[in-house]
Amino acid sequence: ANQANQKTFRHYLMFWSGQLFSLFGSMVVYFVIIWWVTEETQSPMYLAIASFLFIICQVIVLPIAGVLADRLNRKVIILVADSLQAVSTLILLVLFQMNLANIWIVFIFISIRSVFQAFHLPTVNSIIPIMVPKESLSRINGINFLFTGVVQILTPLIGATLMIFLPIKTILWVDLITFCIAVIPLILIEIPSVRNPKETVEKNSFIKEFKLGIKTIKVIPGLVIVIFYSMLLNFLIRPMDTLMPYYINVIHGGSATHLAIVLIFFQGGMIGGALITSIKKTWNNKLKVIFGSVIITMIGYAIMAFAPTGEFLIIGIGGATMGLLLPVINSLYQTIMQTVIPPDKMGRVTSMDNSLSMSISPIGTIISGPLAEMLGVGNLFLYCALLGIIVTVSVWSFTGIRTVDYETKSELDVITAKINSIKN
C-alpha cells in the first residue's frame, strides 16, 4: 500500500536533492576516468573493455540487488553502497597521488563502482512509490527525468573544464565532496520499511513466476518481435556509446571539451524529445511512430559517421537527431507495455524485457573494440546505422507487426482475456 504522506514526501525531496549532488559527482568522475583511458591508451579495445566491465557488473548484480532492496533496510543499503563507493574513490585518488595508478587499477575501480551503483539504483527507485503520494508520482518522474537530464548536460562540460586546469587526482575529490553533501539528508530522513509477510512464500516460486512472465510475452501478439527488435537496436547503438571518446579524440583530434560539446548536443536533443513526449498527450499508431523514429535516429547515427575530420558541429547535429527521438521511442514503447500488460504481471515482464535488452549490450560493447580496429570507427558507425535501417524496414515489412493493433479497446480486451487464461 502507498503509505506516503506530506511528511514522507518532504523527506523524499530532501533525500532527492542530496542524490542529485551525488549523481553529479559520480558522472564527473566517470567522464574524467573514461577520457583518461582514451588519452592514456589511444585504443578502442581498452574503451570497449572499460564499458564492458561497467555493464557486465550491473547485469550480474542488478537482479540480486533488486531482491535485496525489497527485503533489507533500504536506508542502510543506500548508506553502505554510497560510502563504499566514496572509499573506493579515495583509494584511487591516493594511488594517482603516488603515481601507482595504471589502466588495470582503473578497470578494477570502474567494476567496483558499477557494483555499488547496481545496489544503489533499484533501492532508490523502490523508495519513490512509498514516499511520494500517488497524485504526485508522474510529476516527480517527469521532474526527475528533467533534472537528471540537466545534470547529464552539465557534467561533461564541468568535467572537461576541470581537466583543462587540474590533474585527475584533484578532480577525483569532486566525488568525495558531493558524497558528503548527499549523505547528510540521507542520515536525517526516515525511509519507511516495506515488509511483506508473503515474501517467504514467494521466494520458492521464482521459477514459476519467471515462466509466467515468458508465457505472458508469448501470448501478446507481436511482443516477442518487438522485444527482439529492441535487442537488435540496443546492440547496434552500443559502438557509438562505447567509442565516442575515441572517435572524438583519435579520429577527429578533439579534446575533452569537444567530447563535452557533442554530449551536450545529444543530451539537449534528449531533453527536447522528453518535452515533446510530456506535452503531447495522445499518440495514434504508436508502432508506426516508433518505427519511423528509429529510421530517423539511424540517419542521425549515419550523419555522425560521415562528419569530415574535425567537424564537431556535424557530429553534434547527428547526436541531437538521435537524442531527440530516443525519448519518443522509449516512452511510446513503455506506454504500449503499460497498456497491454496487466499491472500484476508488469514487474516480471518488464524486468525480463530489460534483462533481455541488457544481456546483448555487453556483447555489443566488447566486439565494438575489435570491429573498430578492423573497419575504422566511422565505417563501423555507418554500417550499424545502415543495418538499423535495413532491420527496421524488414521487421516492418515481413513480420506482420504492422497489422498488430495495440490501440482499439476491443483488441486490448482480446489480449487481456488471453493473458488471464494463462495457467500458472
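Before reading on, note that the structure itself is shown above.
These numbers come from a predicted model, not from an experiment. (Residues numbered from 1 in each chain as written. Predicted model: local features only at pLDDT ≥ 70, side-chain atom pairs only at ≥ 80, totals over all residues. Heavy atoms only, no water.)

A. Focus on the overall build of the protein. Broken down by element type, the protein carries 16 helices and 0 strands. When its C-alpha atoms are laid out on the principal axes, the protein stretches across 65 × 55 × 40 Å. Taking all 424 residues of the protein together, the buried fraction comes to 49%. Taking the intrachain contacts of the protein between residues at least 6 apart in sequence as the baseline, contacts between residues at least 24 apart amount to 88%. Counting every atom, the protein has about 20300 Å² of accessible surface; 69% of that belongs to carbon and sulfur. If the 27 positive side-chain charges of the protein are averaged to one point and the 19 negative ones to another, these points end up 9 Å apart. (Helix = DSSP H or I, 4+ residues; strand = E, 2+ residues; numbered from the N terminus. Buried < 20%, exposed > 50% of the residue type's maximum accessible area, 1.4 Å probe, protein only. Contact = heavy atoms within 4.5 Å. Areas by Shrake-Rupley, 256 points an atom, 1.4 Å probe, with all protein chains shown as cover. Lys, Arg positive; Asp, Glu negative; His and termini not counted. Charge placed at Lys NZ, Arg CZ, Asp CG, Glu CD.)

B. Up close: unusual backbone geometry. The phi dihedral of N99 is positive, around 55°, even though this residue is not glycine. With respect to the secondary-structure elements, N99 resides in the loop between α3 (74–97) and α4 (103–131). On the basis of relative accessible area, N99 is assigned to the exposed category, the value being 67%. Phi angles above zero are rare outside glycine, and N285 is one such case at about 50°. The topology assignment puts N285 in the loop between α11 (256–279) and α12 (286–306). Under the relative-accessibility criterion, N285 is labelled partly exposed at 44%.

C. Fine view of the pattern of salt bridges. Under the defined criterion, the tally for this structure stands at 3 salt bridges. The salt bridge partner of E190 is K7, with a shortest N-O separation of 3.6 Å. You can see E190 sitting in the loop between α7 (173–188) and α8 (199–203) and its partner K7 sitting in helix α1 (residues 6–41), a full 183 residues away along the chain. Taking the relative accessible area as the measure of exposure, E190 reaches 52% and is therefore exposed. Residue classification places K7 among the partly exposed positions, given a relative accessible area of 43%. D241 serves as the salt-bridge partner of R238, at 3.4 Å between the closest nitrogen and oxygen. (Salt bridge = Lys/Arg side-chain N within 4 Å of Asp/Glu carboxyl O.)

D. Quick look at the nonpolar core. The biggest cluster of nonpolar side chains holds 112 residues, and the ones touching the most others in it are I33, M244, Y301, I315 and F381. Here this core takes 15 residues from α1, the largest share from any one element. Filtering out sequence-adjacent residues up to four positions away, F381 remains in contact with P239, M240, L243, M244, Y247, Y301 and A305. (Core = buried A, V, L, I, M, F, W, Y, C linked by side-chain atoms within 4.5 Å.)

E. Highlighting the environment of I127. Mapped onto the elements, I127 comes out in helix α4. Assessed through its relative accessible area of 0%, I127 is described here as buried. For the pair I127 and T339, spaced 212 residues apart in sequence, the C-alpha to C-alpha distance is 24 Å. Those residues in contact with I127 that lie beyond four places of it in its chain are F15, R74, I78 and I191.

F. Highlighting the environment of I419. In this structure, I419 sits in helix α16 (residues 409–420). Under the relative-accessibility criterion, I419 is labelled buried at 1%. Separated by 48 residues in sequence, I419 and L371 place their C-alpha atoms 42 Å apart. For I419, the contacting residues outside a window of four places in its chain are T216, V219, I220, V340, P342 and K345.

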